[in-house]
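# Overview (structure and organization)
The residues making up each chain are set out below.
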2 protein chains.
Amino acid sequence: MFSKACEYALKIMIYLCSIQEEGKLAGLKDISKAIGSPEAFTAKILQQLVRSELLQSLRGPTGGFKLANRPITLLEVVTAIDGEGIVKKCVLGLDECSGDHPCPAHDKFVAIRDHLKGVLTTTQLVDLKGGIIEGNRFLKL
Amino acid sequence: MFSKACEYALKIMIYLCSIQEEGKLAGLKDISKAIGSPEAFTAKILQQLVRSELLQSLRGPTGGFKLANRPITLLEVVTAIDGEGIVKKCVLGLDECSGDHPCPAHDKFVAIRDHLKGVLTTTQLVDLKGGIIEGNRFLKL
DNA sequence: CTTAATTCGGATAACATTGTCCGAAATAGA
DNA sequence: TCTATTTCGGACAATGTTATCCGAATTAAG
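The following paragraphs examine the structure supplied in this document.

Rules used throughout
Residues numbered from 1 in each chain as written. Chains lettered and ligands numbered in written order. Predicted model: local features only at pLDDT ≥ 70, side-chain atom pairs only at ≥ 80, totals over all residues. Near = placed C-beta within 6 Å. Helix = DSSP H or I, 4+ residues; strand = E, 2+ residues; numbered from the N terminus. Nonpolar A, V, L, I, M, F, W, Y, C, P; charged D, E, K, R; others polar. Contact = placed C-beta atoms within 7 Å. Buried ≥ 20, exposed ≤ 12 C-beta atoms within 10 Å, placed from the backbone. Expected span 1.5 Å × (residues − 1). Arc of directions from axis to C-beta.

### A short note on the protein's contact with DNA strand D
Around DNA strand D sit 24 residues, and of these A:K4, A:P38, A:A40, A:G60 and B:L28 come closest. For the surface near DNA strand D, the secondary structure elements donating two or more residues are α1 (4-19) and α3 (39-51) of chain A together with α3 (39-51) and β2 (64-67) of chain B. It is α3(B) that provides the largest number of residues to the surface near DNA strand D, a total of 4 residues. Tallied by class, residues from the surface near DNA strand D come to 11 nonpolar, 9 polar and 4 charged.

### Thoughts on the interface of chain A and chain B
Size of an interface, as often reported, equals the accessible area lost when the parts are brought together. Taken together, the contacts link 33 residues of chain A with 33 residues of chain B. Elements represented by at least two residues in the side of chain A that touches chain B include exactly α1, α6 (106-122) and α7 (126-134) of chain A. The class makeup of the residues in the side of chain A that touches chain B is 20 nonpolar, 5 polar and 8 charged.

### Observations regarding the environment of A:I112
Checked against the element boundaries, A:I112 lands in helix α6. A:I112 sits in the partly exposed class, given 19 other C-beta atoms within 10 Å. Residues A:I112 and A:V87 lie 25 residues apart in sequence; the distance between their C-alpha atoms is 9.6 Å. With residues up to four places along the chain from it excluded, the contact list for A:I112 reads B:H115, B:L116 and B:V119.

### A short note on helix α6 (residues 106-122) of chain B
The end-to-end C-alpha distance of α6(B) is 24 Å, a good match for the 24 Å that 17 residues give at a rise of 1.5 Å each. Those residues of α6(B) not exposed but buried are B:H106, B:F109 and B:L116. Across the axial projection of α6(B), the buried residues extend over an arc of 95°, all falling on one side. For α6(B), the exposed residues lying more than 90 degrees away from the buried face are B:D114 and B:T122. If you follow the buried residues of α6(B), they end up packed against α6 of chain A together with α5 (85-88) of chain B.

As structure tokens, then:
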């Protein structure tokens, strides 16, 4: 459904949200350990998230990453990494697929995509951090 | 959502269903022209569909492909090409994600996956061929 | 000022997916 | 039987994704 990079991005963001307190920073090592992702690749994704302004970073010792200071939806994270394809592109790959010029599966999958889009736009990182803190939701294994 | 190969496979199957009459065969050239896909690559996908027993083929002049002689669901086509990942794997990529050991997004995406699985299992090729025949649904462009 | 820890940026490697090419095997029809 | 047409199967090329490596820039702290 999402690319590997996007899966990591979502875990990164949820993790940072779950440990967030007053401008504290988390470093690359902490993050990749917490979510079980390869360090070097995770660094690349962190850079993308910083450039997309979903994260802020600070260099040097005591440096690290923290969430941008505003509510963030899952859709923002997904589109920052994977683009809008998942909520826009035709399931059969038609360049022009719309109500006017629909593919045979159009209607059935519009419903699914709307469902997905709904969840992605209405769910914020804050909505998912609870279980992590309580220890009954997990980001790795 | 689906791989390119799977998109082509779905179009192939829907196309064959839409032109099907009494054991008539369609050749590779016809098929790839009808769905707008690269010929050589399409040939590979046709082979996979034959091996999965969703299609039957005949060689030689007047040879070609036709649907297996039974109802076929979208799920069968998708799993034949992409495997069961789309309806089984955790959105965050956790190897063990279940009711017992859920990821933070588990519940929200179980609902989406069930919706998807429902559409894939209840929709048969026959259900999609109508619009093609009537000319108000399209398989390319 | 020096050192150590960190993010940043570019190059590159490993792997998967997409796509092409070509000869072999099968087969209908002359 | 011969030929033309088709699917089959393997090798390979092109592209995209995932992942690693390393030096440069930044910065806190001694």
